Amino acid sequence: MSTNTILLASLLLCSLLSFASAGNFNQDFDITWGDGRAKILNNGQLLTLSLDKVSGSGFQSKNQYLFGKIDMQLKLVPGNSAGTVTAYYLSSQGPTHDEIDFEFLGNLSGDPYTLHTNVFSQGKGDREQQFHLCFSVDGIPIRDFKNKESIGVAFPKNQPMRLYSSLWDAEDWATRGGLIKTDWTKAPFRAWYRNFNANACVWSSGRSRCPSMVKTSSSSSPSFNNNAWLYQELDSNSQRRLRWVQRNYMIYNYCSDFKRFPQGLPRECH
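Report follows, based on the coordinates. (Residues numbered from 1 in each chain as written. Predicted model: local features only at pLDDT ≥ 70, side-chain atom pairs only at ≥ 80, totals over all residues. Heavy atoms only, no water.)

**Notes on helix α2 (residues 236-249)**
Between the first and last C-alpha of α2 there are 20 Å, a value that for 14 residues agrees with the 20 Å anticipated at 1.5 Å per step. Regarding α2, the residues found buried are Ser238, Leu242, Val245 and Tyr249. Seen from one end, α2 has its buried residues packed into an arc of 75 degrees, which puts them on one side. Of the residues flanking the start of α2, the one acting as N-cap is Asp235, its side-chain oxygen 3.3 Å from the backbone nitrogen of Asn237. (Helix = DSSP H or I, 4+ residues; strand = E, 2+ residues; numbered from the N terminus. Expected span 1.5 Å × (residues − 1). Buried < 20%, exposed > 50% of the residue type's maximum accessible area, 1.4 Å probe, protein only. Arc of directions from axis to C-beta. Polar contact = N/O pair within 3.5 Å; in protein donor to acceptor, adjacent residues only side chain to side chain.)

So, in structure tokens, the structure goes:
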């Protein structure tokens, strides 16, 4: 997330590979609910959430972030996951909160997950886009939300946000509008997390503290070390990949829903 563009790229969901500079869940996160259903394992290298008919579970980051690039490896509920939702999102607090939202809606065995995304700025959301996850998309942008404050669209740039994730039951709406219910004989359902990395500006004592600036050998001026996200925009290749994903796998776009917005589409859609 830079000061001018939010890039949403989904995670590699089918297998657990390795990232460099992985964090430690004991140091970086707090388990917030679930009565023992969430667990940190392997000396802080793995976190699991579980869901049964009594309760789901969830966690949140210890730090708040203003800008940055955040990586997390997720393995979703396998097999028949209908009715379950694995939520993964950044959010501030309060009625005018900002939020960057991923929700992975479960499905029957063999059918793709639905990835539901939304962006809130100053408390306003209603910016849903949905995708079918039929492909490995690690590092491929699926959505961007540009800064259009010049035309009166609020942009989430001033409120620090924590990272949250949870696994919970939403059988009344999650799968085919609630037609497919959760098969509780398959419980407990589980999701796995590892290789968290936040290259980000951390909010502390009322201010944002970004990674240190360093001088490179080829330049006398300071530059951000490994902080390409600060100025990241989609290059021509990334734009092609974004269009490919949206053309082939997007199943809902609020910017195309004229029935929902009979008085005119939101300003950022034009």
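That was the structure; now back to the text.
**Details of the sheet that holds strand β12 (residues 162-169)**
Two modes of strand pairing occur in sheets, parallel and antiparallel, and in both the strands are linked by backbone hydrogen bonds. Spatial ordering of the open sheet is given by β2-β5-β12-β7-β8-β9-β10-β17, a layout of 8 strands whose pairing is antiparallel. Edge positions in the sheet fall to β2 (29-33) and β17 (250-253), since each of these pairs with one other strand and no more. Looking at each pair of strands side by side, their axes are set apart by 15 degrees on average, direction ignored. By the bridge criterion, 3 bridges tie strand β10 (residues 129-133) to β17 in an arrangement that is antiparallel. When the sheet's bridge partners are listed, Gln130 is paired in β17 with Tyr252. The strands that α2 touches are β10 and β17; relative to β10, the one it contacts most, it runs at about 85 degrees. (Pairing = 2+ DSSP bridges. Axes fitted to C-alpha atoms, helices over the stretch in contact; angles between N-to-C directions. Contact = heavy atoms within 4.5 Å.)

**Focus on the pairing of β10**
Counting buried positions along β10 gives 4 out of 5 residues, so the element sits mostly inside the fold. The pairing of strand β9 (residues 113-120) with β10 spans 5 bridges and is antiparallel. Looking at the pairing, Thr114 lines up with His132 of β10.

**Focus on the state of the cysteines**
Evaluation of the coordinates by the stated rule reveals 2 disulfides. Each sulfur of the disulfide joining Cys201 and Cys210 lies 2.0 Å from the other. Classification of the bridge connecting Cys201 and Cys210 rests on its S-S torsion, roughly 100 degrees, and on that basis the disulfide is right-handed. Between Cys255 and Cys269 runs a disulfide, and the two sulfur atoms are separated by 2.0 Å. (Disulfide = S-S within 2.5 Å.)

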